[in-house]
Amino acid sequence: MNTASVSLGASVSSQSRFMQLALAALLGTFIIGFVGFSHIDAVHNAGHDNRHSMAFPCH
Amino acid sequence: MNLFRNVVFIAAIAGLVAGVVLACMQAYATVPLILKAEVYEQAEGGHSHDHAAAPAAPANAASDNAMSPAAPAAPNAMSAATPAPAAAAAPAEDEGWAPADGFERFAFNVVSNVVTGIGFALILVAVSEFAGGIGNWRQGVFWGLAGFAIFTLAPGLGLPPELPAMPAADLTQRQIWWVATVVATAIGLGLIAFRKSLPLAILAVALIVAPHIVGAPQPDSFETPIPEGLHHQFVVAVTLTNLVFWLVLGAIVGVVRGRFTGTATSLRDSFA
């Protein structure tokens, strides 16, 4: 799947590219962790149906 | 931070659309089943989520549990099955704020679906950029299938989607198993897709299988008031809604990214 010849940030150095993509993935992981895995009651209750429907471990 | 900004922008659009699509599917496919299960949960009087007003309960939900502590004042089984009066609705165990049933609950579900969608989209876009990027909607569908396999299928084998009132092992243990399974499956699929080497492919299979040999944390007892048919229906609904969610997410990333880069290489030219 080594594909699209044009990348999103063609001009950035490879190290900076790695850092930015890693940062984006980390941000995504953090968001999932907060919505789906937080033990805070209010967060759990707000996303309750979502957690069940995404099959995140719940309760 | 040009690249980072672009990734976040694409992920936000894809997550927003796929999240709204998922919330609408859930409103028809999964949430009604959760509401039904909550009736059993409240009738059982065990761990209650206390979504203030329970939906109209089937009489049989309470008839087996007429003596349950949830309805100590109930003179008979039928009244135990009716929506709890205000006094009884007060949380037995304080579980904090929860959205009110109806529109508020739906609205919060949409929001959490969109946020979850953006989170998954960020991971999807970032990881796919390392592999060259998702060039068009068809590639996006394949990436979506991979996401579905990693985040829904693999953890769902050991920890099937649960309804309220279903027995489960310790939450933290399950979360650890869930994350470990997702990581192992993702690495495994990545090795198969991007490394043309037999030993690595064998290692990949081992990685994908390993979490299931270790086994997901299981509850002490499988006793539950939830009928098996209801649970099975829920597992099917969750799996299919998540499949559509991932396909939509991947496809939209492909479309939006194509607009950004101005390229729409055909799958035949580019798919390895």
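This structure is a prediction, so every number in the text was calculated from the model and none was measured. Once a new chain begins, its residue numbering starts again from 1 and follows that chain's sequence as written. Chain letters start at A and ligand numbers start at 1, both assigned in the order the entries are written. Whole-chain, interface and lining totals are the exception, using all residues; otherwise, since this is a predicted model, local features are given only for residues with pLDDT of at least 70 and side-chain atom pairs are given and counted only at 80 or more.

Engineer: Is there a simple way to think about the overall build of chain A in this case?
Structural biologist: Summing up its helical and strand segments, chain A has three helices and zero strands in all. Its helices and strands in sequence order give chain A the pattern α-α-α, from N to C terminus. Working definition: helices are DSSP H or I runs of at least four residues, strands are E runs of at least two. Numbering for both runs from the N terminus.

Engineer: Explanation requested: the confidence of the model for chain B in the structure shown.
Structural biologist: Do not read the fine detail of predicted coordinates wherever pLDDT is low. Residues and elements named next belong to chain B. Counting all residues, the mean pLDDT for chain B is 82, and 77% of those residues have values of 70 or more. pLDDT measures how confident the predictor is about each residue, on a scale from 0 to 100. A residue pair is marked as a contact if its C-beta atoms, positioned from the backbone, fall within 7 Å. Confidence drops under pLDDT 50 across residues 48-93; counting only partners more than four residues distant or on other chains, this segment forms 68 contacts. Here residues 264-272 is modelled with pLDDT under 50, and outside its nearest four sequence neighbours on either side it reaches 18 contacts, counting other chains as well. With pTM at 0.80, the complex prediction returns an ipTM value of 0.85.

Engineer: I tried to follow unusual backbone geometry on my own but got confused; where do I start?
Structural biologist: What you tend to see is this: most non-glycine residues have negative phi, and most peptide bonds are trans. A positive phi angle, near 60°, is found at Ala55 of chain A, a position not held by glycine. Within the secondary structure, Ala55 of chain A is located in the segment after α3 (48-53). Positive phi values are uncommon outside glycine, yet Ala165 of chain B reaches one of about 75°. Residue position: Ala165 of chain B is located in the loop between α7 (137-158) and α8 (171-194). With 21 C-beta atoms counted inside 10 Å, the residue Ala165 of chain B sits in the buried group. Three exposure classes are used, based on other C-beta atoms lying within 10 Å of a residue's own C-beta, which is placed from the backbone: buried for 20 or more, exposed for 12 or fewer, and partly exposed in between.

Engineer: Explain α8 of chain B here, please?
Structural biologist: Each α-helix winds once per 3.6 residues, and so residues spaced three or four apart point in a common direction. The end-to-end C-alpha distance of α8 of chain B, which contains 24 residues, comes to 34 Å, matching closely the 34 Å that a straight helix rising 1.5 Å per residue would cover. The inward-facing, buried residues of α8 of chain B contact α7 and α9 (198-214) of chain B. In this scheme, a helix's expected span is set at 1.5 Å multiplied by one less than its residue total.

Engineer: Mind showing me how you'd approach the interface of chain B and chain A here?
Structural biologist: When the parts come together, some accessible area is lost, and that loss is often what is quoted as the size of the interface. Between chain B and chain A, the residue contacts involve 63 residues of the former and 39 residues of the latter. Sort the elements by how many residues they give to the side of chain B that touches chain A and helix α6 (residues 103-130) of chain B lands first, with 17 residues. Amino acids are sorted into nonpolar (Ala, Val, Leu, Ile, Met, Phe, Trp, Tyr, Cys and Pro), charged (Asp, Glu, Lys and Arg) and polar (every other residue, Gly among them). Per-class residue counts for the side of chain B that touches chain A are 33 nonpolar, 25 polar and five charged.

Engineer: Help me out: how do you make sense of the packing of α6 of chain B against α7 of chain B in this one?
Structural biologist: Helix packing geometry: the angle between the two helix axes and the distance between the axes. Residue and element names in this part refer to chain B. Between the N-to-C directions of two axes lies an angle of 0 to 180 degrees, each axis being a line fitted to C-alpha atoms and, for a helix, fitted only over the stretch in contact. Put simply, α6 and α7 touch, their axes get as near as 11 Å, and they point 120° apart. When the axis of α6 is compared with that of α7, the two are oblique. By crossing handedness, the relation of α6 to α7 is classed as right-handed. Facing Phe120, Leu124 and Ser128 of α6, the residues of α7 in contact are Trp143, Gly147 and Phe151. Relative orientations are named as follows: roughly parallel for angles under 35 degrees, roughly antiparallel for angles over 145 degrees, roughly perpendicular for angles from 65 to 115 degrees, and oblique for any other angle. Here is the rule for handedness: rotate from the far helix to the near one, and if that takes an anticlockwise turn smaller than a right angle the crossing is left-handed, while a clockwise turn gives right-handed.

Engineer: For this particular structure, what's the right way to read the environment of Gly132 of chain B?
Structural biologist: Its location among the elements puts Gly132 of chain B in the loop between α6 and α7. Distance from Gly132 of chain B to Pro217 of chain B, taken between C-alpha atoms, is 37 Å for residues 85 residues apart in sequence.

Engineer: Before we go on, may I ask you to explain the nonpolar core in this structure?
Structural biologist: One recurring pattern in soluble globular proteins: nonpolar side chains tend to sit buried together. Core analysis: the biggest nonpolar cluster contains 45 residues, and Val7, Ala121, Leu122, Val125, Leu249 and Val253 of chain B have the highest contact counts within it. Of all the elements in the fold, those that place two or more residues in this core are α1 (14-37) of chain A together with α1 (2-29), α6, α7 and α10 (228-261) of chain B. Among the elements that take part in this core, α1 of chain B stands out by supplying 11 residues, more than any other. What Leu249 of chain B contacts, discounting residues up to four positions off in sequence, is Ala14, Ala18, Gly117, Phe120, Ala121, Leu124, Gly144 and Gly147 of chain B. A set of buried residues qualifies as a nonpolar core if it consists of Ala, Val, Leu, Ile, Met, Phe, Trp, Tyr and Cys joined through C-beta atoms within 7 Å.

Engineer: Is there a simple way to think about the UniProt feature "transmembrane region" (unreviewed entry) in chain A in this case?
Structural biologist: Under the UniProt annotation, the feature "transmembrane region" (unreviewed entry) is placed at residues 21-40 of chain A. Along residues 21-40 of chain A one finds 85% helix and 0% strand; the C-alpha atoms at either end are 29 Å apart. UniProt positions are given in the numbering used here, feature names are shortened, and annotations may be inferred rather than shown by experiment.

Engineer: For this particular structure, what's the right way to read the packing of α8 of chain B against α9 of chain B?
Structural biologist: Residues and elements named next belong to chain B. Two elements in contact, α8 and α9, have axes separated by 8 Å at closest approach and are oriented at 160°. With respect to α9, the axis of α8 lies roughly antiparallel. Between α8 and α9 the crossing geometry is left-handed. Facing Trp177, Ala180, Thr181, Ala184, Thr185, Ile187, Gly188, Leu191 and Ile192 of α8, the residues of α9 in contact are Leu200, Ala201, Leu203, Ala204, Val205, Leu207, Ile208, Ala210 and Pro211. Split by residue class, the contact of α8 with α9 holds 15 nonpolar, three polar and no charged.

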